[in-house]
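Per-entry structural report
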Amino acid sequence: MTSSSSPSQDTKRLAHTYPEGLRADALMEEDVAWSLDVDGERDGDQFDRSERAALRRVAGLSTELEDVTEVEYRQLRLERVVLVGVWTSGTVQDAENSLAELAALAETAGALVLDGVIQRRDKPDAATYIGSGKAQELRDVVLETGADTVVCDGELSPGQLIHLEDVVKVKVIDRTALILDIFAQHAKSREGKAQVALAQMQYMLPRLRGWGQSLSRQMGGGKGGGLATRGPGETKIETDRRRIREKMAKMRREIAEMKTGREIKRQERKRHKVPSVAIAGYTNAGKSSLLNRLTGAGVLVENALFATLDPTVRRAETPSGRLYTLADTVGFVRHLPHHLVEAFRSTMEEVGDADLILHVVDGSHPAPEEQLAAVREVIRDVGATGVPEIVVINKADAADPLTLQRMLRMEKRSIAVSARTGRGITELLALIDDELPRPSVEIEALVPYTHGKLVARAHDEGEVISEEHTTEGTLLKVRVHEELAAELTPYVPTPAG
């Protein structure tokens, strides 16, 4: 009988014979010496390398779609949450609308809402947000529903978070943390991710907790260590806070550098006197749908809060042929965390630098007036109160006619449209054409054909009233800005006689 060496012996032999870089090639060359007489019984059937590397489907083991859904659900396991709000002012309908919006935020973040409760108080309790007695009742609700998280409709102090968690015995988060989580999920661009990370660090800095060794102090200063340990040194939690501050400073520098690129593009548009229109509005009011309808931008459209965060700028043209830019901005919401307003300030500057704001409102919402007020508060925070505004009442096909009439009567510069069906879009484009600032100088010039660049600039940067091609050149009657008017002045025809 022919003897064969063991795999371990083969490996040792290869390691001894070949250098390190050639061992893999030597192993691949072993099958050249394969013999049916010697190796057939040992190795059995052989397969091509492509077959050995392929996945083979086994018939009869397919799973029904419902089973796949259940398996994925078990793997992901959505957080089960109970919502709690404090009703301090307004009507009960206002309080319920606010909690309904919190439920939509929780569902957007991927949670399963089990229940929601409201506590009537003059102001939130300083210790547990809803008071110690109601906190015990909330604990009973958590046990009854099997929830693992409580979401509060407001921004809680670090002390309120700790004390409420001590009572309900499950994780407690507030509205700010929930919105930050949604932003972290939906941010796609490098700048958007950096802005969200900065806002999260600003939120977490005062809420760091420490226990055990986190509260112990490190060795203090002094030469050589050992007994020379003057001063108490830093605790672990103090070290963490210092590191977060350093990361925040680095993040601010990076955002400032990214802001420079957008400012250069903005200055270029201003240099060419291209008017700009900014779309602002409440989250899920239909801003991206309107941008797609007006420009064909192809931006993501989804029935979810904060579906798109990164600003999108597209070129558009008025019915009269004037070019302008249309910018979609981040959506707003009631009680938008000030951390986000600060972090996204550079993005929101698109609104402040615009020549016109299209303020989009969801006409099918139960309280569109509250949406208007919330967005205008943020617009005021970023210093854009002096920009002309057109209120665009979107989703007119699904809105209550009485609500539309009330909104149109209340807002003088407003129009009802439907980005989904196209209703009112033609009228909106005409309104944008009327409201955009027009060039200040009207001039008539006979431009020689050798200076065609001036004609092209008149089309791009101004408003062409009439154009006629003659034997001597292009006779233009245009409305342009002062710089271009000065270049066209030498070609103004002199009056006859």
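Residues numbered from 1 in each chain as written. Predicted model: local features only at pLDDT ≥ 70, side-chain atom pairs only at ≥ 80, totals over all residues. Heavy atoms only, no water.

1. Details of the overall build of the protein chain
Secondary structure assignment for the protein chain yields 19 helices and 13 strands. When burial is assessed residue by residue, the protein chain has 40% of its 497 residues classed as buried. Long-range contacts, defined as pairs at least 24 residues apart, comprise 66% of the intrachain contacts of the protein chain with a sequence gap of at least 6. Within the structure as shown, the protein chain displays about 28400 Å² of accessible surface, and the carbon and sulfur contribution to it stands at 52%. (Helix = DSSP H or I, 4+ residues; strand = E, 2+ residues; numbered from the N terminus. Buried < 20%, exposed > 50% of the residue type's maximum accessible area, 1.4 Å probe, protein only. Contact = heavy atoms within 4.5 Å. Areas by Shrake-Rupley, 256 points an atom, 1.4 Å probe, with all protein chains shown as cover.)

2. Re the nonpolar core
By size, the foremost hydrophobic cluster in this structure holds 80 residues, and its most contacted members are Val 150, Phe 332, Leu 336, Leu 358, Val 392 and Leu 428. Sorting elements by how many residues they give to this core places helix α9 (residues 175-186) first, with six residues. Ignoring any residue separated from it by four or fewer positions in sequence, one finds Val 150 in contact with Val 82, Val 84, Leu 138, Val 142, Val 168, Val 170, Lys 171, Val 172 and Ile 173. If you look at the next biggest cluster of nonpolar residues, it comprises twelve residues, including Leu 454, Val 480, Leu 484 and Ala 485. (Core = buried A, V, L, I, M, F, W, Y, C linked by side-chain atoms within 4.5 Å.)

3. Some words on the pattern of salt bridges
In total, this model carries 16 salt bridges according to the counting rule given. One connected set of salt bridges, linked through shared partners, spans Glu 101, Asp 153 and Arg 175. (Salt bridge = Lys/Arg side-chain N within 4 Å of Asp/Glu carboxyl O.)

4. Here's the deal with the packing of helix α15 (residues 368-381) against helix α16 (residues 401-410)
Running from N to C, α15 and α16 cross one another at 35 degrees; their axes reach a closest spacing of 11 Å. In this structure, α15 contributes Pro 368, Glu 369 and Leu 372 to the contact, and α16 contributes Thr 403, Arg 406, Met 407 and Met 410. Taken together, the residues that form the contact of α15 with α16 break down as four nonpolar, one polar and two charged. (Axes fitted to C-alpha atoms, helices over the stretch in contact; angles between N-to-C directions. Nonpolar A, V, L, I, M, F, W, Y, C, P; charged D, E, K, R; others polar.)

5. What to know about the sheet that holds strand β7 (residues 323-328)
Pairing within the open sheet is mixed, and its six strands lie in the order β6-β7-β5-β8-β9-β10. Where the open sheet ends on each side, the last strands, each with one partner, are β6 (312-317) and β10 (414-416). Looking at each pair of strands side by side, their axes are set apart by 25 degrees on average, direction ignored. Bridge analysis of strand β8 (residues 356-362) against strand β9 (residues 389-394) gives six bridges, and the strand direction is parallel. Note on β9: the bridge partner recorded for Ile 357 is Glu 389. Where helix α12 (residues 287-295) meets the sheet, its contacts fall on β5 (276-281), β6, β7, β8 and β9, and the angle it forms with β7 comes to roughly 155 degrees. With respect to the sheet, helix α17 (residues 425-435) is in contact with β5, β7, β8, β9 and β10, its orientation differing from that of β8 by roughly 150 degrees. (Pairing = 2+ DSSP bridges.)

6. Examining the confidence of the model for the protein chain
Residues at a pLDDT of 70 or more form 73% of the protein chain, whose mean pLDDT is 76. Taken as a whole, residues 1-15 scores under 50 in pLDDT and shows eleven contacts with residues more than four places along the chain or in a different chain. With pLDDT under 50 throughout, residues 20-34 is counted as low confidence; its partners more than four residues away or in other chains account for 14 contacts. (pLDDT = per-residue confidence, 0-100.)

7. Looking at unusual backbone geometry
The residue Tyr 129 is not glycine, and still its phi comes out positive at about 75 degrees. Relative to the helices and strands, Tyr 129 is located in the loop between β2 (111-120) and α7 (132-145). One non-glycine residue, Lys 169, adopts positive backbone phi at about 65 degrees. Among the structural elements, Lys 169 can be located in the loop between α8 (158-168) and β4 (171-174). Residue Lys 169 is classed as exposed on the basis of its relative accessible area, which comes to 58%.

8. Points about the sheet that holds strand β11 (residues 441-447)
Across the sheet, three strands lie side by side as β11-β13-β12; this open sheet has antiparallel pairing. Bordering the open sheet on either side are β11 and β12 (463-469), each of which pairs with just one other strand. Taken over all neighbouring pairs, the strand axes of this sheet differ in orientation by 10 degrees on average, direction set aside. Summarising the sheet, β11 and strand β13 (residues 474-480) pair through seven bridges and their orientation is antiparallel. Counterpart to Glu 444 in the pairing with β13 is Lys 477.

9. Quick notes on the side chain of Arg 175
By the element assignment, Arg 175 lies in helix α9. Its relative accessible area of 2% is what places Arg 175 among the buried residues. If sequence neighbours within four positions are ignored, Arg 175 has contacts with Ser 98, Glu 101, Leu 102, Leu 105, Cys 152, Asp 153, Gly 154, Val 333, Arg 334 and His 335.

10. Observations concerning a positive patch on the surface
Taken together, the side chains of Arg 243, Lys 247, Lys 250 and Arg 253 present a region of like positive charge at the surface. Position of Lys 250 among the secondary structure elements: in helix α11 (residues 236-271). (Patch = residues over 30% accessible without salt bridge, like charges linked within 9 Å, V, L, I, M, F, W, Y side chains within 5 Å. Lys, Arg positive; Asp, Glu negative; His and termini not counted. Charge placed at Lys NZ, Arg CZ, Asp CG, Glu CD.)

11. Here's the deal with the pairing of β6
Here β6 runs beside β7; their pairing, made up of six bridges, is antiparallel. Directly across from Ala 316, in β7, lies its bridge partner Tyr 324. Linking β6 back to β7 in an antiparallel pair, the connection comprises five residues, with Gly 321 at a positive phi of about 100 degrees.

12. A few points about the environment of Ala 367
For Ala 367, the position within the fold is in the loop between β8 and α15. C-alpha separation for the pair Ala 367 and Asn 97, spaced 270 residues apart in sequence, amounts to 8.2 Å.

13. Here's the deal with the packing of aromatic side chains
Within the structure shown, the criterion is met by zero aromatic pairs. Note that Arg 120 overlies the ring of Trp 87, its terminal NZ or CZ placed 4.3 Å from the centroid. (Phe/Tyr/Trp six-rings, centres within 6.5 Å; stacked < 30°, edge-to-face > 60°. Lys NZ or Arg CZ within 6 Å of the ring centre and 35° of its normal.)

14. Re the environment of Ala 316
With respect to the helices and strands, Ala 316 occurs in strand β6. C-alpha of Ala 316 to C-alpha of Leu 291: the two residues are 25 residues apart in sequence and 9.9 Å apart in space. Once residues lying within four places of it in the same chain are set aside, the contact partners of Ala 316 are Thr 295, Arg 322, Leu 323 and Tyr 324.

15. Quick word on the pairing of β2
With nine bridges connecting them, strand β1 (residues 79-87) and β2 associate as parallel partners. Bridge pairing links Gly 85 to Ile 118 in β2. For the segment spanning β1, helix α6 (residues 92-108) and β2, crossover handedness is right-handed. (Right-handed = clockwise from strand over helix to strand, strands pointing away.)

16. Brief notes about the packing of α7 against α8
Contact pair α7 / α8: the axes reach a minimum separation of 8 Å and the direction vectors enclose 50 degrees. Looking at the two axes, α7 sits oblique to α8. As α7 runs across α8, the sense of the crossing is right-handed. Contacts between α7 and α8 involve Ala 135, Gln 136, Leu 138 and Arg 139 on the former and, on the latter, Leu 164, Val 167 and Val 168. In the contact of α7 with α8, the residues fall into five nonpolar, one polar and one charged. (Parallel < 35°, antiparallel > 145°, perpendicular 65-115°, else oblique. Left-handed = near helix turned anticlockwise from the far one by under 90°.)

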